[in-house]
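Reading the structure
If you want the building blocks of each chain, they are given just below.
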Amino acid sequence: MTARPALRVLSLGAGVQSSTLLLLAIERAIPRFDTAIFADTRWEPAEVYAHLDRLDKLATDAGMPIRRVSSGDLRRDALDPEHRFVSMPLFVLGQDGSRGMLRRQCTQEYKIACLKAEARRLLGYPHPARVPKDVYAEQAIGISVDEFHRAKDATVGYLRNIFPLLDLGWSRADCRAYLTSKGFADTPRSACVGCPYHRDSEWLHLRDTDPDGWAEAVAFDEAIRHGHPRAPGIGATYYLHRSRRPLAETDLKPGLTEDDHVEGCSPWSCRSTAGEADQ
């Protein structure tokens, strides 16, 4: 007989799909969760934190509290010469004109690691305790039908992934329509202020609506130009924008650009952490 989950959790990124799952659970349109877990890099845009606060009140009132966990401050750690190198997917321009991109590990270190750690803690087996093989948490993940290829089984025995949006047959557009009907039309995309995967439209939105966030991104872009002190560029230069030009000088294009086809920062479907992903 298959063991029942000891815990039902929602991996909450506070973006479109996971916000949809939380609201559906609050309405009891899908089975409720014991809790939702948000992995905070401490460098989300102000509108994401405002959206999360709004969700938090609804979830708490419904008896499904949101737990905010963190592995540290991504921006501060990436610039701290005393901290080990933080690998973000920065765009690289070599001395010889070659163009590349660093491997993304920040998602694993600042999102996945603390999500797993919190699940272990809630199950009653924090690291390094061994979780019994018949004890596990059922983890709901917001992947819609237009991204079904991202849905993966967990790589650890104490998590078992489920994908309620796939069961419902909902697309991202369906989620947007649902959120709009519930007064959440302005649900933002969850990604760090200085995420190199930003589309031009997102950089423009940040610049035009969050001056402090834009100033932080520009300053960070300048600070990482020659790499981290513990991982010098050896002649290469690094950039947040795919044009490999300083962010402050980049000609940002509104509307559809090639950046609109770049995958975002969903922790469990990140290409660079496929070996570690539970989703």
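A short tour of the structure in this document, coming up.

How each quantity is defined
- Residues numbered from 1 in each chain as written.
- Predicted model: local features only at pLDDT ≥ 70, side-chain atom pairs only at ≥ 80, totals over all residues.
- Heavy atoms only, no water.
- Phe/Tyr/Trp six-rings, centres within 6.5 Å; stacked < 30°, edge-to-face > 60°.
- Helix = DSSP H or I, 4+ residues; strand = E, 2+ residues; numbered from the N terminus.
- Buried < 20%, exposed > 50% of the residue type's maximum accessible area, 1.4 Å probe, protein only.
- Lys NZ or Arg CZ within 6 Å of the ring centre and 35° of its normal.
- Salt bridge = Lys/Arg side-chain N within 4 Å of Asp/Glu carboxyl O.
- 1 Å grid on protein atoms, 1.4 Å probe; cavity = no way out; pocket = protein on both sides within 12 Å on 5 of 7 lines; lining within 4 Å.
- Points joined across faces, edges and corners; volume = space filled by probe spheres on them.
- Nonpolar A, V, L, I, M, F, W, Y, C, P; charged D, E, K, R; others polar.

1. A few points about the packing of aromatic side chains
- Under the defined criterion, the tally for this structure stands at three aromatic pairs.
- Ring geometry for Trp43 and Phe220: centres 4.9 Å apart, planes at 55°, overall tilted. With a gap of 177 residues between them, Trp43 in the loop between β2 (35-39) and α2 (46-61) and Phe220 in helix α8 (residues 211-223) connect regions that are remote in the sequence.
- Of the residues examined, Phe220 reaches a relative accessible area of 2% and is grouped as buried.
- When the centroid spacing of 6.4 Å and the interplanar angle of 75° are considered together, the rings of Trp203 and Trp214 count as edge-to-face. Of the two residues, Trp203 sits in helix α7 (residues 200-209) while Trp214 sits in helix α8, which places them eleven residues apart along the sequence. Both residues of the pair, Trp203 and Trp214, belong to the buried class.
- Its end group placed over the ring of Phe184, Arg54 keeps NZ or CZ at 3.7 Å from the ring centre.
- Over the aromatic face of Tyr136 sits the side chain of Arg160, whose NZ or CZ is 3.7 Å from the ring centroid.

2. What about the pattern of salt bridges?
- Across all of its chains, the model carries 13 salt bridges by this definition.
- Of the charged contacts, one joins Arg8 and Glu138 as a salt bridge, the two residues approaching to 2.7 Å between their closest N and O atoms. With Arg8 in strand β1 (residues 7-11) and Glu138 in strand β6 (residues 137-140), the pair connects residues that are 130 residues apart, well separated along the chain. Take Arg8 and Glu138: they sit in the same class, and that class is buried.
- Here Arg68 ties to Asp53 by a salt bridge, and the two come within 2.6 Å at their closest N and O atoms. Of this pair, Arg68 sits in strand β3 (residues 66-69) while Asp53 is found in helix α2, placing the two residues 15 residues apart along the sequence.
- Given a relative accessible area of 37%, Arg68 falls into the partly exposed group.

3. Describing the layout of surface pockets
- A volume near 380 Å³ is recorded for the second largest pocket.
- Along the walls of the second largest pocket sit 17 residues, with Glu47, Pro188, Arg189, Glu202 and His205 positioned nearest its centre.
- Contributions of two or more residues to the lining of the second largest pocket are made by α2, α6 (172-181) and α7.
- In terms of residue count, α7 provides more of the lining of the second largest pocket than any other element does, four residues in total.
- In terms of residue class, the lining of the second largest pocket is made up of five nonpolar, four polar and eight charged.

The analysis is restricted to geometry; functional conclusions fall outside its scope.
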